[in-house]
Amino acid sequence: MNMMSRDFFHRDIQLFIDHRFDWDRYFSLRGGAADVAEEVETYRTILRTAGEVCEDIDGSARDHWHEEVRLEGAQVVVPPHIAAGYEKLRAAGLLCLTIGPAYGGYGLPALVNCAFIEMLSRADPSLMTIVGLQAGVAQDIEKYGSDELRRRYLPHFVSGELEGCMDLTEPQAGSDLGGILTRVTDENGRYFVDGGKIFITNGGAQVHLVLARDGATFEQSRGTTNGLSLVLCPVTLPDGRANGVRVSRVERKMGIHGSPTCVVEFEHAEAFLLGQRGGGFRAMLDLMNNARLGVSAQAIGIAEGAYRAAREYTAQRVQFGTPIIEQPLVKSMLTLMAINIQAARALLYRTCGLIDMTEALRRLLETDAVNGNRAALQAELEHNTQLIRFFTPLCKYY
Ligand SMILES: Cc1cc2nc3c(=O)[nH]c(=O)nc-3n(C[C@H](O)[C@H](O)[C@H](O)COP(=O)(O)OP(=O)(O)OC[C@H]3O[C@@H](n4cnc5c(N)ncnc54)[C@H](O)[C@@H]3O)c2cc1C
């Protein structure tokens with residue numbers, strides 16, 4: 001049995017919710033909440049519940065982390081612990097936490113979502129990739145999709161009926177997405193995708209956000225990130241017909257075995273535009289930045305789990321008549337681990353808090369409700385935006 005100290009929504013995370021974010025200002029920028037203390041207590045309650053669900057997932061998943069994803073025909077089959085963990089999150093209403101109430105979500109701040117993603121990563125890092133992507137894809141649809149697309153897909157993302165993935169990488173286009181050759185063609189106002197993607201996390205999902213090169217400017221834009229469109233490509237079309245999307249392979253990896261990494265083929269697959277035609281790189285960057293912060297939260301969750309395992313083991317392992325945790329060199333290693341985790345968490349949570357405050361500022365500046373201090377708020381928005389650009393890759397790097 002796993003004896004590791006569980007305590008998922010622990011003091012080090014609570015600190016950032018309780019003391020490191022100016023909730024009064026956040027809610028006042030957003031037009032005021034009935035009762036700020038009550039709102040924040042609701043966030044704590046959600047995170048406490050999430051902590052308990054993660055503890056439950058952790059208890060039943062850890063012994064199965066080595067189990068692989070399988071491809072049966074074109075069907076991606078995840079190991080039982082992934083399916084069971086997903087079901088627990090779905091039953092507790094813990095999917096797509098940032099999506100707004102208009103689509104059935106809680107509209108939670110990025111800071112609160114980040115705490116949840118860290119806890120989930122500690123419980124099951126493979127499951128986190130599926131749930132994290134689902135939330136990121138839903139956020140991109142919420143931001144760039146038409147009203148119709150939002151209404152059609154988002155409630156089903158929140159309820160957990162639909163999962164999502166982002167399809168960018170191709171064999172010749174890894175870091176350099178200017179190499180993308182998957183083509184999206186406009187046929188009398190309808191869009192169709194042809195091409196292939198590799199390394200797609202949760203590629204068996206029902207909704208694919210595909211970065212593809214616009215057929216009309218294909219030759220002129222080749223080798224650049226211009227002329228790329230982001231399109232939503234469902235496996236099943238709105239009228240119930242199967243679309244031309246197929247998983248042809250799943251990779252075997254050194255870790256996160258329960259996270260599907262897939263080769264996906266598109267054959268005249270109908271798709272729906274997200275954002276501007278040819279302006280998909282911008283929309284994709286939002287998705288990527290989200291994924292970068294998710295990867296950072298994942299690493300912190302895994303590190304927290306590893307640290308607790310190390311602390312527990314060293315406390316019970318006796319050599320030279322004392323537990324090795326008392327040996328200065330061992331103590332020093334554990335201290336370094338703890339400091340690194342604290343530092344990484346501080347950077348990530350600060351960045352997420354900035355994202356929330358900046359989003360609240362941006363929304364306020366879009367209204368007429370700013371009296372007198374528009375220039376100062378605009379300057380703050382620009383300053384924060386620079387900081388977020390600077391911190392986001394650092395979070396992933398750390
Ligand atoms: C587990 C896993 C899940 C993934 N999930 C997804 C997904 O969901 N969707 C998706 O679209 N893709 C996904 N990817 C693909 C991932 O985004 C690519 O692996 C990544 O973009 C790097 O591309 P590459 O592997 O082709 O490496 P390359 O681009 O070939 O790079 C190889 C090495 O060279 C370095 N390098 C390249 N260019 C430079 C440069 N200019 N300066 C310095 N160093 C450089 C890189 O940092 C890297 O270390 C996933 C990959 C993995 C391993």
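Thresholds, definitions, all that
Throughout this description, residue numbers start from 1 for each chain and increase along the sequence as written. Side-chain atom pairs in this predicted model are given and counted only at pLDDT of 80 or more, local residue features only at pLDDT of at least 70, and totals for whole chains, interfaces and linings cover all residues. No hydrogens and no water enter the side-chain calculation; it runs on all heavy atoms of the structure. Secondary structure elements are taken from DSSP: a helix is a run of H or I of four residues or more, a strand is a run of E of two residues or more, and numbering for both begins at the N terminus. Burial classification: accessible surface area is computed with a 1.4 Å probe over protein chains only, and a residue below 20% of its type maximum counts as buried, one above 50% as exposed, and the rest as partly exposed. Note on definitions: a residue-residue contact is assigned when non-hydrogen atoms from the two residues lie within 4.5 Å. Here, Shrake-Rupley sampling with a 1.4 Å probe gives the accessible areas, and only protein chains in the shown set may cover a residue. Counted charges follow a simple rule, with Lys and Arg positive, Asp and Glu negative, and His plus the chain ends left uncounted. Throughout, a charge is located at the NZ atom of Lys, the CZ atom of Arg, the CG atom of Asp or the CD atom of Glu. Fitted lines through C-alpha atoms serve as axes, helices being fitted only where they are in contact, and the angles separating the N-to-C directions of these axes extend from 0 to 180 degrees. In this scheme, roughly parallel covers angles under 35 degrees and roughly antiparallel covers those over 145, while 65 to 115 is roughly perpendicular and the rest are oblique. The classification used treats Ala, Val, Leu, Ile, Met, Phe, Trp, Tyr, Cys and Pro as nonpolar, Asp, Glu, Lys and Arg as charged, and all other residues, Gly among them, as polar. What goes into a patch is any residue over 30% in relative accessible area without a salt bridge, connected to like charges within 9 Å or, for nonpolar side chains (Val, Leu, Ile, Met, Phe, Trp, Tyr), within 5 Å. A pair is scored as a salt bridge if a Lys or Arg side-chain nitrogen falls within 4 Å of a carboxyl oxygen belonging to Asp or Glu. In this text, near means that some heavy atom of the residue lies within 4 Å of the molecule or strand in question. Here a polar contact is taken to be a pair of N or O atoms separated by no more than 3.5 Å, where protein atoms must pair a possible hydrogen donor with a possible acceptor and residues adjacent in sequence count only if both atoms sit in side chains. In this scheme, a crossing is called left-handed if the near helix is turned counterclockwise away from the far one by less than a right angle; it is called right-handed if the turn is clockwise. At least two DSSP bridges between two strands are needed for those strands to be called paired. Remark: nonpolar core denotes a set of buried residues (Ala, Val, Leu, Ile, Met, Phe, Trp, Tyr, Cys) joined through side-chain atoms within 4.5 Å. Start and end points for every domain follow an automatic or database-based domain assignment. A simple way to read buried area is as the amount of 1.4 Å-probe accessible surface that goes missing from two parts once joined, with both sides added.

Draft legend 1. Structural view of the overall build of the protein chain. For the protein chain, the helix and strand inventory stands at 11 helices and 11 strands. For the protein chain, the spread of C-alpha atoms along the three principal axes comes to 80 × 60 × 40 Å. In the protein chain, buried positions account for 48% of the 398 residues. In the protein chain, once contacts between residues fewer than 6 apart in sequence are set aside, the share between residues at least 24 apart is 73%. About 18,800 Å² of surface is accessible on the protein chain, with carbon and sulfur atoms providing 54% of the total. Side-chain charges of the protein chain comprise 40 positive and 49 negative groups, with the mean position of each set lying 4 Å from the other.

Draft legend 2. The packing of helix 1 (residues 11–18) against helix 5 (residues 110–123), seen in detail. Look at helix 1 against helix 5: their axes get within 10 Å of each other, and the N-to-C directions meet at 170°. In terms of orientation, helix 1 and helix 5 fall into the roughly antiparallel class. Residues Ile13, Phe16 and Ile17 of helix 1 form the contact with helix 5, whose participating residues are Leu111, Val112, Ala115, Glu118 and Met119. Per-class residue counts for the contact of helix 1 with helix 5 are seven nonpolar, no polar and one charged.

Draft legend 3. Expanded view of a negative patch on the surface. Taken together, Glu187, Asp194, Glu265 and Glu267 make up a surface patch of like negative charges. Here Glu265 lies in strand 9 (residues 261–274). Owing to a relative accessible area of 30%, Glu265 belongs among the partly exposed residues under this scheme.

Draft legend 4. Here's a closer look at the pattern of salt bridges. Under the counting rule described, the total for this entry stands at 27 salt bridges. Across the pair Arg150 and Asp147 runs a salt bridge, and its minimum N-O distance is 3.6 Å. Taken together, the residues Arg150 and Asp147, both in helix 7 (residues 147–158) and three residues apart, mark about one turn of the helix. Glu326 is the salt-bridge partner of Lys331, the closest N and O atoms lying 3.9 Å from each other. Of the residues examined, Glu326 reaches a relative accessible area of 45% and is grouped as partly exposed. Taken together, the shared-partner salt bridges in this structure form one network comprising Asp18, Glu41, Arg44 and Arg48.

Draft legend 5. Structural detail: the site of the ligand. In the vicinity of the ligand, the contacting residues are Met166, Leu168, Thr169, Gly174, Ser175, Phe199, Ile200, Thr201 and Lys253. With respect to the ligand, the backbone of Phe199 contributes an N or O atom lying 2.9 Å from a nitrogen atom. Considered on its own, the ligand offers 960 Å² of accessible surface; in the complex 39% of this is hidden by protein. Examining the composition of the shell around the ligand, we find that three residues originate from one element, strand 5 (residues 190–201), more than from any other. Among the residues making up the shell around the ligand, the classes are represented as four nonpolar, four polar and one charged.

Draft legend 6. Seen up close, the packing of helix 3 (residues 36–61) against helix 5. Orientation of helix 3 relative to helix 5, taken along the N-to-C sense of each, is 15°, at an axis distance of 8 Å. When the axes of helix 3 and helix 5 are compared, the pair comes out roughly parallel. At the point where helix 3 passes helix 5, the crossing takes the right-handed sense. For the pair formed by helix 3 and helix 5, the contact residues are Tyr43, Leu47, Ala50, Gly51, Cys54, Ile57, Asp58 and Ala61 on the first element and Val112, Ala115, Phe116, Met119, Leu120, Arg122 and Ala123 on the second.

Draft legend 7. A look at the pairing of strand 4 (residues 183–187). Bridge count for strand 4 against strand 5 is five bridges, and the pairing is antiparallel. Each residue of the ladder has a partner; that of Glu187, found in strand 5, is Arg190. Here strand 4 hands over to strand 5 after two residues, with Asn188 in that stretch at a positive phi of 55°. Of the strand pairs in this sheet, strand 4 and strand 6 (residues 207–214) are connected by two bridges, and their pairing is parallel. Among the inter-strand pairings, Arg183 is bridged to a residue of strand 6, identified as Arg213.

Draft legend 8. Representation of the side chain of Thr98 within the structure. For Thr98, the position within the fold is in the loop between helix 4 (80–91) and helix 5. Separated by 3.0 Å, the side chains of Thr98 and Gln139 make a polar contact. The contact partners of Thr98, leaving out residues within four places of it in the chain, are Gly107, Leu108, Pro109, Asn113, Gln139 and Glu142.

Draft legend 9. Looking closely at the nonpolar core. Among the nonpolar cores identified, the biggest contains 67 residues, and Trp23, Leu89, Phe116, Leu120 and Leu348 are the most heavily contacted of them. Of the residues forming this core, the biggest block, 14 residues, is contributed by helix 10 (residues 328–365). Looking at which domains feed residues into this core, each of domain 1 (11–163) and domain 3 (282–397) gives three or more. Setting aside residues no more than four positions away along its own chain, Leu89 makes contact with Val53, Ile57, Leu94, Leu95, Phe116, Leu120, Leu127 and Val131. Residues Leu133, Ala138, Leu177 and Ile180 belong to the second largest nonpolar core, which totals 30 residues.

Draft legend 10. Spatial organisation of the domain arrangement of the protein chain. By the assigned domains, the protein chain splits into domain 1 (11–163), domain 2 (165–279) and domain 3 (282–397). The C-alpha-based centres of domain 2 and domain 3 are spaced at 31 Å. Of the roughly 570 Å² buried between domain 2 and domain 3, counting both surfaces, carbon and sulfur atoms make up 85%. Considering only the side of domain 2, the residues that lose the most area to domain 3 are Met166, Leu230 and Gly279, jointly responsible for 56% of the buried surface there. Seen at the junction of domain 2 and domain 3, the total is zero salt bridges. Along the contact surface separating domain 2 from domain 3 lie one residue pair in polar contact (both at pLDDT 80 or more).

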